[in-house]
Amino acid sequence: MTRTLSRLQCRLFPSKSVAAMANELRFKTARDLFMACPAVFRDMVALPTEQPSIEFCRALLAGRVPEEAITFCAYLLPERAAVWWAHECLSHLTVLLDRRDQELLALVRDWVSEPDSPHHRPEVSKAAAGMPPTTPAAWIALAAGWHGNGAAMETSAVSALQPAARAVSAGVLAGLARVALEDRFSVLSAFVEMGIQMAEIEALRQSADAN
């Protein structure tokens, strides 16, 4: 696990340049996110503030319930990016997953690569329905089945994705619960930083598309 964590950390911190795009996030502040996604009030104890979303997320990580930073990332990320983030998190824990979960992750990977494929969505939806959402990858497969086609969403459509965000959060947290206690916070921190970087990269991409 220590070797896996080292590889993950090297992958996550290659550059600080994307931080300049934090103001382009779809939810600029924590309050913006909470107002757009009321379900997050049920999933988190922390109350929203006017802090920028990234600052708020890192404050959660440093707070009394650092796991809430995982939940916040699940809501902060755009739809397909959230599923991919969860997939990447669990892919670093494959030694802790059984064969069925690894198969589900492969289906999720295929769906993220080609979300409009006439084959991948039915496959991942069928696989998710075929087993109870009690394992990490089963939650992620459910999230993929609930997601749209990966396009940018209007704020009015965000509420429809709240069950998927909750499933993403549940899947990542379920995987994290299998990590040894002495490694858990380090792995949690790495997952959150990866989520933050993905959110910033998505902001860059959307800003470039707009221009």
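### Description of the overall build of the protein chain
Part 1 of the argument: A count of helices and strands for the protein chain gives 11 helices and zero strands.
Part 2 of the argument: Listing every helix and strand of the protein chain by position from the N terminus yields α-α-α-α-α-α-α-α-α-α-α.
Part 3 of the argument: When the accessible surface of the protein chain is totalled, it reaches about 10200 Å², and 55% of it is carbon and sulfur.

### Some thoughts on the environment of L142
Part 1 of the argument: As for its placement among the helices and strands, L142 is situated in helix 9 (residues 136-146).
Part 2 of the argument: A relative accessible area of 17% places L142 in the buried class.
Part 3 of the argument: Spatially, the C-alpha atoms of L142 and V83 are 9.8 Å apart, while their sequence positions differ by 59 residues.

### Details of the confidence of the model for the protein chain
Part 1 of the argument: Taken residue by residue, the protein chain gives an average pLDDT of 79. The fraction at 70 or more is 69%.
Part 2 of the argument: Helix 1 (residues 2-12) is the least confidently modelled element of the protein chain, averaging 47 in pLDDT, while helix 5 (residues 68-76) averages 97, the highest of any element.
Part 3 of the argument: Within the model, pLDDT remains below 50 along residues 148-161, and this stretch shows 23 contacts once partners closer than five positions in the same chain are excluded.

### Structural notes on helix 6 (residues 79-91)
Part 1 of the argument: The terminal C-alpha atoms of helix 6, which comprises 13 residues, lie 19 Å apart, in line with the 18 Å expected from a rise of 1.5 Å per residue.
Part 2 of the argument: Burial analysis of helix 6 places 10 of its 13 residues in the buried class, the great majority of the element.
Part 3 of the argument: Within helix 6, burial applies to E79, A81, A82, V83, W85, A86, H87, E88, C89 and L90.

### Focus: helix 5
Part 1 of the argument: Counting buried positions along helix 5 gives nine out of nine residues, so the element sits mostly inside the fold.
Part 2 of the argument: Along helix 5, the residues that are buried comprise E68, A69, I70, T71, F72, C73, A74, Y75 and L76.

### Considering the nonpolar core
Part 1 of the argument: Counting 60 residues, the largest nonpolar core has F72, V83, W85, F191 and V192 as the members making the most contacts within it.
Part 2 of the argument: Mapped by element, the contributors of at least two residues to this core are helix 2 (30-36), helix 4 (53-61), helix 5, helix 6, helix 7 (99-113), helix 9, helix 10 (162-176) and helix 11 (181-210).
Part 3 of the argument: Sort the elements by how many residues they give to this core and helix 11 lands first, with nine residues.
Part 4 of the argument: Those residues within four positions of W85 in sequence are excluded, and the remaining contacts are I70, C73, A74, L77, V168, V172, F191, M194, G195 and M198.

### Considering the packing of helix 4 against helix 5
Part 1 of the argument: Contact geometry for helix 4 and helix 5: axes closest at 8 Å, N-to-C directions at 155°. Here helix 4 lies roughly antiparallel to helix 5, going by the angle between them. Contact with helix 4, carried on its side by S53, I54, F56, C57, L60 and L61, involves E68, A69, F72, C73 and L76 of helix 5 and no other residues of that element.
Part 2 of the argument: For the contact of helix 4 with helix 5, the residue count by class is nine nonpolar, one polar and one charged.

### A word on the side chain of T29
Part 1 of the argument: Considering the arrangement of structural elements, one finds T29 in the loop between helix 1 and helix 2.
Part 2 of the argument: Separated by 3.1 Å, the side chain of T29 and the backbone nitrogen of D32 make a polar contact.
Part 3 of the argument: Setting aside residues no more than four positions away along its own chain, T29 makes contact with T49, E50, Q51, P52 and S53.

### Some thoughts on the packing of aromatic side chains
Part 1 of the argument: All chains considered together, the criterion is met by three aromatic pairs.
Part 2 of the argument: Considering the side-chain rings of F34 and F41, the 5.0 Å spacing of their centres and the 75° angle between planes classify their relative orientation as edge-to-face.
Part 3 of the argument: Relative accessible area serves as the criterion here: at 0%, F34 is assigned to the buried category.
Part 4 of the argument: Ring geometry for F34 against F56: centres 6.1 Å apart, planes inclined by 85°, an arrangement best described as edge-to-face. Of this pair, F34 sits in helix 2 while F56 sits in helix 4, and the two are 22 residues apart along the sequence.
Part 5 of the argument: The class of F56 is buried, set by a relative accessible area of 4%.
Part 6 of the argument: Members of the aromatic cluster, joined through ring pairs, are F34, F41, F56 and F72.

Rules used throughout
- Residues numbered from 1 in each chain as written.
- Predicted model: local features only at pLDDT ≥ 70, side-chain atom pairs only at ≥ 80, totals over all residues.
- Heavy atoms only, no water.
- Helix = DSSP H or I, 4+ residues; strand = E, 2+ residues; numbered from the N terminus.
- Areas by Shrake-Rupley, 256 points an atom, 1.4 Å probe, with all protein chains shown as cover.
- Buried < 20%, exposed > 50% of the residue type's maximum accessible area, 1.4 Å probe, protein only.
- pLDDT = per-residue confidence, 0-100.
- Contact = heavy atoms within 4.5 Å.
- Expected span 1.5 Å × (residues − 1).
- Core = buried A, V, L, I, M, F, W, Y, C linked by side-chain atoms within 4.5 Å.
- Axes fitted to C-alpha atoms, helices over the stretch in contact; angles between N-to-C directions.
- Parallel < 35°, antiparallel > 145°, perpendicular 65-115°, else oblique.
- Nonpolar A, V, L, I, M, F, W, Y, C, P; charged D, E, K, R; others polar.
- Polar contact = N/O pair within 3.5 Å; in protein donor to acceptor, adjacent residues only side chain to side chain.
- Phe/Tyr/Trp six-rings, centres within 6.5 Å; stacked < 30°, edge-to-face > 60°.

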